2 protein chains.
Amino acid sequence: MPVQLSHPPLTDVQLDAVYGALADRHRRLVVVRLASSPDEEVPCTTLDVPGSKSTRSYHWKVLREAGLIVQRSTGTGMLLRLRPDFEERFPGLLDSLLRLEGPGR
Amino acid sequence: MPVQLSHPPLTDVQLDAVYGALADRHRRLVVVRLASSPDEEVPCTTLDVPGSKSTRSYHWKVLREAGLIVQRSTGTGMLLRLRPDFEERFPGLLDSLLRLEGPGR
DNA sequence: CCTGCGGTTCGAAAATTTTCGTACCCCGTC
DNA sequence: GACGGGGTACGAAAATTTTCGAACCGCAGG
């Protein structure tokens with residue numbers, strides 16, 4: 001089995017988790033990057049998150065469990081993209097983030 | 001001296017601190033409450049934050065240092081209000097919070 | 001088939017956040 | 001002026017988050 005990645009139902013995700021996930025600058029910048037092309041799947045190797053590979057993996061998990069991203073394995077590498085239904089669950093939250101920390105900030 | 005409460009210049013406040021402060025539901029609800037009447041000073045005794053008095057005091061401090069609130073002592077009790085220049089520093093962030101957790105949610 | 005690369009998970013250690021008690025302060029009241 | 005109510009600051013303990021290494025897995029290439 002290609003490793004089970006838990007993407008919780010968004011109805012289970014609480015604001016605590018979302019704000020908690022966004023309380024880290026590197027994670028915030030990942031979200032901003034993904035949001036800049038919401039339909040694109042981005043290889044996680046291209047994302048600027050410091051630390052060992054287990055640390056990076058931990059950050060993807062935090063973002064996943066906050067409902068912010070979808071993570072898909074391609075055997076040879078991981079792809080991340082913005083979770084498309086996030087906006088529906090927490091409308092406006094991402095807009096607000098992008099306005100504060102979007103391109104050019 | 002009536003106890004020195006540190007209200008940092010908003011330019012010093014980072015988004016990390018703001019999202020961190022909002023990662024706690026009780027603190028979020030305080031902000032929502034204060035935002036419901038932004039010019040009003042609310043006695044902190046009326047706010048629903050559980051814990052001992054030092055714990056409550058700690059939460060005010062977190063909110064203060066995130067630039068979210070202004071805290072004023074009246075000798076006989078503390079008054080809190082929304083920090084008026086917060087919106088200017090982090091435009092849209094409060095709106096987003098209120099939309100998600102405002103009255104009736 | 002073996003090896004290397006890119007990943008996850010687990011467990012432990014480190015760092016940070018949260019909680020509380022205690023000591024202390026200010027103010028109003030008796 | 002002593003007392004009590006409402007607060008902050010500090011220090012220690014508890015809880016949570018973050019980091020890392022080690023063990024492991026799947027796939028692509030030689």
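Notes on the structure in this doc start here. (Residues numbered from 1 in each chain as written. Chains lettered and ligands numbered in written order. Predicted model: local features only at pLDDT ≥ 70, side-chain atom pairs only at ≥ 80, totals over all residues.)

The subject of this paragraph is the relation of the copies chain A and chain B. Between the two copies, chain A and chain B, the superposition gives an RMSD of 0.0 Å; the rotation angle is 180° and the shift along the axis is 0.0 Å. On this basis, the relationship between the two copies can be described by a two-fold rotation axis. It is A:Tyr19 whose C-alpha, among those of chain A, lies nearest the rotation axis, at 2.6 Å. Taken together, the interface assignments show that 100% of the residues at the interface of chain A recur at the interface of chain B, consistent with an identical surface on both copies. (Least-squares fit on C-alpha atoms with pLDDT ≥ 70 in both. Contact = placed C-beta atoms within 7 Å.)

A few words now on the sheet that holds strand E2 (residues 69-73) of chain B. Residues and elements named next belong to chain B. What the three strands build is an open sheet, ordered E1-E3-E2; its pairing is antiparallel. Strands with a single pairing partner mark the edges of an open sheet, and in this sheet they are strand E1 (42-43) and E2. Note that E2 and strand E3 (residues 78-82) share five bridges and pair antiparallel. Its bridge partner being in E3, Ser73 is matched across the sheet by Met78. Helix-sheet contacts for helix H2 (residues 25-35) involve E1, E2 and E3, and the interaxial angle to E3 is about 80°. (Pairing = 2+ DSSP bridges. Helix = DSSP H or I, 4+ residues; strand = E, 2+ residues; numbered from the N terminus. Axes fitted to C-alpha atoms, helices over the stretch in contact; angles between N-to-C directions.)

It is worth spelling out the interface of chain A and chain B at this point. Each side of the interface is counted separately: chain A has 16 residues, and chain B has 16 residues. Residue assignment for the side of chain A that touches chain B shows that the elements contributing at least two residues are helix H1 (15-22), helix H2 (25-35) and helix H5 (93-101) of chain A. The class makeup of the residues in the side of chain A that touches chain B is eight nonpolar, three polar and five charged. (Nonpolar A, V, L, I, M, F, W, Y, C, P; charged D, E, K, R; others polar.)

Every one of the 26 residues lining DNA strand D counts as a neighbour, but A:Gly51, A:Ser54, A:Gly75, B:Ser54 and B:Ser57 are closest to it. Breaking the surface near DNA strand D down by element, the ones donating at least two residues are helix H3 (53-65) of chain A together with helix H3 (53-65) of chain B. The biggest single contributor to the surface near DNA strand D is H3(B), with five residues. In terms of residue class, the surface near DNA strand D is built from 10 nonpolar, 13 polar and three charged. (Near = placed C-beta within 6 Å.)

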